[in-house]
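A look at the structure
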Amino acid sequence: MRTLVQDLRYGFRMLWKSPGFTLVAIITLGLGIGANTAIFSVVNSVLLRPLPYPDADRLVYLQAVNPAQGITASNISPPDFADWKNQNQTFEDMTAFVTGGAILSGDTEPERVPAAYVSASFLPVLGVKPAIGRSFLVEEDREGNDSVAIISHALWQRRFGADPSVVGRQINVSGQSTTVIGVMPADFEFMQPVDMWRPLAVEMTSERRDNRYLQVLARLKPGVSLEQAQSQINTITERLGQSYVETNSNWGARLTGLHDLMVAGVRPALLLLLGAVGFVLLITCANVANLMLARAAARQKEIAVRAALGASRLRVVRQLLTESLLLSTIGGGVGLLLGIWLTDFLVSISPANTPRLETVHLDSRVLLFTLAVTFLIGLLFGLAPAWQASRVNLNEALKEGGRSFSEGWRRNRVRKALVISEVALSLMLLIGAGLLIKSFVLLRGTDAGFDAENVLTMRVSLPSLKYKEGRQKAEFFERLAERVAQLPGVESVGATLSLPLGGSNYSVGRAFIPEGRPLTPEESINASYSVTTPGYFGAMKIPLVAGRQFTERDREDAPQVVIVNETLARRYFPNEAAVGKRIKIWRDEQFPREIVGIVGDTKTDVLEGEASPQMYVPHAQDSSWGGMSLVVRSTAKPLALTSAVRGAVLSLDPDQPVFGIKTMEDVVAASVATRRISMMLLSGFAGLALLLAALGVYGLISYSIAQRTHEIGLRMALGAQARDVLGLVLRQGMSLVLVGVAIGLVSAFALTRVMKSLLYEVSATDPLTFAGVALLLIVVALIACLIPARRAMRVDPMIALRYE
């Protein structure tokens with residue numbers, strides 16, 4: 001222990017004597033460790049930390065699939081859910097739910113809160129109990145007995161002042177007097193934000209089998225694997241397909257672990273970023289190792305004296321390793337502080353729909369990770385310099401003078417290898433960033449099918465207890481559109497069930513069959529379905545390709561009509577005019593609709609890929625939908641209209657809140673948010689890697705020139721020209737860079753294939769990106785070599801000959 005304390009004291013003195021070296025090393029280490037700490041914090045919370053439920057690995061999410069119709073993920077109908085639940089032997093229990101909203105009104109301003117309508121087994125399946133109150137009873141999951149609710153901890157604090165007596169209180173929920181029976185724990189997580197849970201109250205067996213709207217969770221029995229459960233569900237769906245051919249033919253199911261389902265959308269990007277910061281950390285180690293090698297070389301005489309006085313090689317190595325671990329510890333502390341700030345920054349710029357974002361923080365696992373990284377870095381960048389420095393030749397080290405430039409250059413094998421590795425790693429990161437940047441630019445240039453500029457949207461959801469008749473809902477939106485259209489600054493207004501690019505967080509799929517074809521499952525064609533008011537296409541500037549738009553005359557008692565998009569018309573009415581043809585929205589409607597117009601394609605969910613077939617129906621002719629997105633095109637800044645539009649809604653119904661207020665430009669930005677954040681972060685890491693690589697090249701060349709000033713002066717005294725010295729330095733520096741570039745190109749060619757899922761219309765081996773990035777790195781490295789090379793050209797031979 002006494003020897004260790006002496007080593008630490010000596011190490012502190014040596015670091016204090018070289019403030020420039022110490023500061024650069026600490027900053028470099030802090031950046032590398034801080035970036036890794038921040039990314040690992042997110043990866044740990046989102047990907048690694050289990051869901052906060054007992055035996056969370058046994059929770060699975062079930063989805064309906066129909067490969068024949070290209071449906072890879074669908075909800076489940078109540079009768080199918082009942083059969084799956086009753087016939088399976090692999091689940092402890094199953095639960096069904098739907099998400100939506102509820103309107104809280106009463107003493108304060110009405111508020112729409114996100115809600116989930118769940119079967120009685122919901123909380124038992126999750127293994128969670130309310131923090132206050134109780135769970136739902138089986139008898140409460142029936143129509144007429146469902147006027148109870150459990151609220152979230154956040155809503156309890158915000159709306160009810162954390163009053164414990166809230167349990168048992170009557171509140172007004174969507175026009176219905178409802179009893180609060182429980183408050184959920186503060187740390188309860190769900191698949192999406194929810195502030196209120198209410199009974200589903202659905203008679204499962206009385207619903208239609210093709211009305212697929214339930215989300216389903218199940219808990220596996222102990223010892224049962226996901227594969228076993230999948231096999232049994234496959235057997236059940238096959239049997240249902242044979243029993244109910246019209247509704248269940250070709251329909252199957254897919255089971256996914258709940259945690260895997262929640263993080264599937266962000267897993268590739270997070271793993272890519274984790275790999276990127278790992279590369280940055282390796283470059284950091286290489287850079288600091290180079291600094292340590294240079295410092296050890298400068299201390300050769302000191303080490304030789306210690307050896308001459310009896311210090312063993314192990315003693316020298318231990319002292320130098322102590323210094324490197326001391327340096328890495330300080331750098332790790334700086335990195336931890338930087339990591340805390342970077343973690344908060346990452347959370348602040350992450351898309352709002354990032355799963356488990358609220359759980360991201362530095363916990364004991366992250367601290368252990370940072371500690372382990374700090375220790376390993378201290379060994380990695382300290383071991384090679386310490387080992388090399390301990391191999392001291394007393395005669396060589398203690399005599400004056402030195403080796404020639406070329407000889408010294410040849411003997412710097414470790415430093416050259418480190419620089420080559422820095423260049424190669426930097427090139428791989430730069431190529432990855434380049435591919436993401438090019439992909440993002442192409443994606444943002446994709447035509448979404450509408451004009452997002454100056455468009456305000458907000459959601460209005462009419463409660464069914466108050467607006468029981470479809471006619472009431474249709475009239476509300478007709479009157480609302482009239483009032484909003486009269487507001488100053490409004491250019492046009494409309495409403496729709498589903499906004500493009502998932503802007504309304506709600507979408508509906510229905511099947512249709514062209515007139516004249518058999519009404520069978522094999523003939524049905526799946527398409528996205530939306531109801532709209534007249535003016536919607538104009539407000540969104542969705543172009544009319546043929547026929548006409550909806551008008552006020554397309555009412556409930558008028559001929560039934562439909563508008564389709566170009567993809568549907570081209571794919572299912574090839575070589576003929578689709579306008580005038582008739583289709584039947586199969587099994588949902590018992591009558592045909594005439595196609596009166598064709599509009600341009602819009603991207604329903606994401607900008608990537610081709611547009612899907614789309615059908616639009618006048619809201620007045622399918623007015624059962626009370627939840628609609630209002631679309632207002634303004635002549636100026638759209639958000640300035642928010643208060644006036646909200647006032648128009650309240651003037652029609654003082655208990656009706658609006659929610660989901662945003663612009664369509666926000667919707668477009670949100671649809672590419674994950675890609676944008678991934679691109680920005682990877683580009684930032686790549687830029688940092690490029691800077692570190694350039695510093696590594698600069699440091700190696702500068703050190704070599706400083707060590708060989710005497711020889712350079714001798715060369716110039718014997719007639720060498722400045723350009724000869726310049727050429728010598730550039731050849732030796734750029735040779736390392738070119739080797740690193742070659743290794744980096746080959747490695748990137750193999751590694752960028754893992755990025756394929758994150759790219760859009762860009763090959764993972766795009767030659768222009770590879771060539772452009774390699775050229776950029778070569779230019780930056782050339783500049784890094786030129787700076788010390790120009791200094792070497794200005795060496796005064798007379799002064800240099802007296803050097804050393």
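A few points on the structure. (Residues numbered from 1 in each chain as written. Predicted model: local features only at pLDDT ≥ 70, side-chain atom pairs only at ≥ 80, totals over all residues. Heavy atoms only, no water.)

A few words now on the environment of Leu443. The residue Leu443 is located in helix H15 (residues 413-444) in this model. The sequence separation of Leu443 and Leu607 amounts to 164 residues, and the corresponding C-alpha distance is 6.9 Å. Contact partners of Leu443, with chain neighbours within four places excluded, come to Leu607, Glu608, Val672, Arg675 and Tyr760. (Helix = DSSP H or I, 4+ residues; strand = E, 2+ residues; numbered from the N terminus. Contact = heavy atoms within 4.5 Å.)

Together, Leu775, Val779, Ile783 and Ile787 make up a nonpolar patch on the protein surface, roughly 360 Å² of accessible area in all. With respect to the helices, strands and loops of the structure, Val779 is situated in helix H24 (residues 767-793). (Patch = residues over 30% accessible without salt bridge, like charges linked within 9 Å, V, L, I, M, F, W, Y side chains within 5 Å. Areas by Shrake-Rupley, 256 points an atom, 1.4 Å probe, with all protein chains shown as cover. Salt bridge = Lys/Arg side-chain N within 4 Å of Asp/Glu carboxyl O.)

In this section: the packing of aromatic side chains. Applying the stated criterion across every chain yields a total of 14 aromatic pairs. For the pair Tyr53 and Phe188, a centre-to-centre distance of 6.0 Å together with 55° between the ring planes defines the contact as tilted. Placement of Tyr53 in the loop between helix H2 (19-48) and strand S1 (59-66) and of Phe188 in the loop between strand S8 (176-183) and strand S9 (196-199) is noted, with a sequence separation of 135 residues between them. Ring geometry for Phe512 against Tyr572: centres 5.8 Å apart, planes inclined by 80°, an arrangement best described as edge-to-face. With Phe512 in strand S14 (residues 508-514) and Tyr572 in helix H18 (residues 566-572), this pair connects stretches of sequence that are 60 residues apart. What makes Phe512 buried here is its relative accessible area of 0%. An aromatic cluster is built from Tyr536, Phe537, Phe550 and Tyr616, whose rings are joined through pairwise contacts. Across the ring face of Trp251, the terminal group of Arg212 is positioned such that the distance to the ring centre comes to 3.7 Å. The cationic tip of Arg753 hangs over the ring face of Phe749; the distance from NZ or CZ to the ring centre is 4.7 Å. (Phe/Tyr/Trp six-rings, centres within 6.5 Å; stacked < 30°, edge-to-face > 60°. Buried < 20%, exposed > 50% of the residue type's maximum accessible area, 1.4 Å probe, protein only. Lys NZ or Arg CZ within 6 Å of the ring centre and 35° of its normal.)

So, about helix H5 (residues 153-160). Within H5 the residues assigned to the buried category are His153, Leu155, Trp156 and Phe160. In an axial view of H5, the angular spread of the buried residues amounts to 165°, which keeps them on one side of the axis. Gly161, located one to two residues past H5, shows a positive phi value of around 60°. (Arc of directions from axis to C-beta.)

Our focus in this paragraph is the pattern of salt bridges. Overall, the coordinates contain 30 salt bridges when judged by the stated rule. A salt bridge links Asp83 to Arg209; its shortest N-O distance comes to 2.5 Å. Of the two residues, Asp83 sits in helix H3 (residues 78-87) while Arg209 sits in the loop between S9 and strand S10 (215-220), which places them 126 residues apart along the sequence. Considered together, Asp83 and Arg209 belong to a single accessibility category, that of buried residues. The network of salt bridges with shared partners includes Arg208, Asp210, Glu246, Arg510, Arg587, Asp588 and Asp622.

The next thing to look at is the packing of H3 against helix H6 (residues 226-243). Contact geometry for H3 and H6: axes closest at 10 Å, N-to-C directions at 130°. By the angle class used here, H3 and H6 are oblique. Seen from above, H3 lies across H6 with right-handed handedness. Together, Asp80, Asp83, Trp84 and Gln87 of H3 and Gln232, Ile233, Ile236, Thr237, Arg239 and Leu240 of H6 make up the contact between the two elements. Among the residues making up the contact of H3 with H6, the classes are represented as four nonpolar, three polar and three charged. (Axes fitted to C-alpha atoms, helices over the stretch in contact; angles between N-to-C directions. Parallel < 35°, antiparallel > 145°, perpendicular 65-115°, else oblique. Left-handed = near helix turned anticlockwise from the far one by under 90°. Nonpolar A, V, L, I, M, F, W, Y, C, P; charged D, E, K, R; others polar.)

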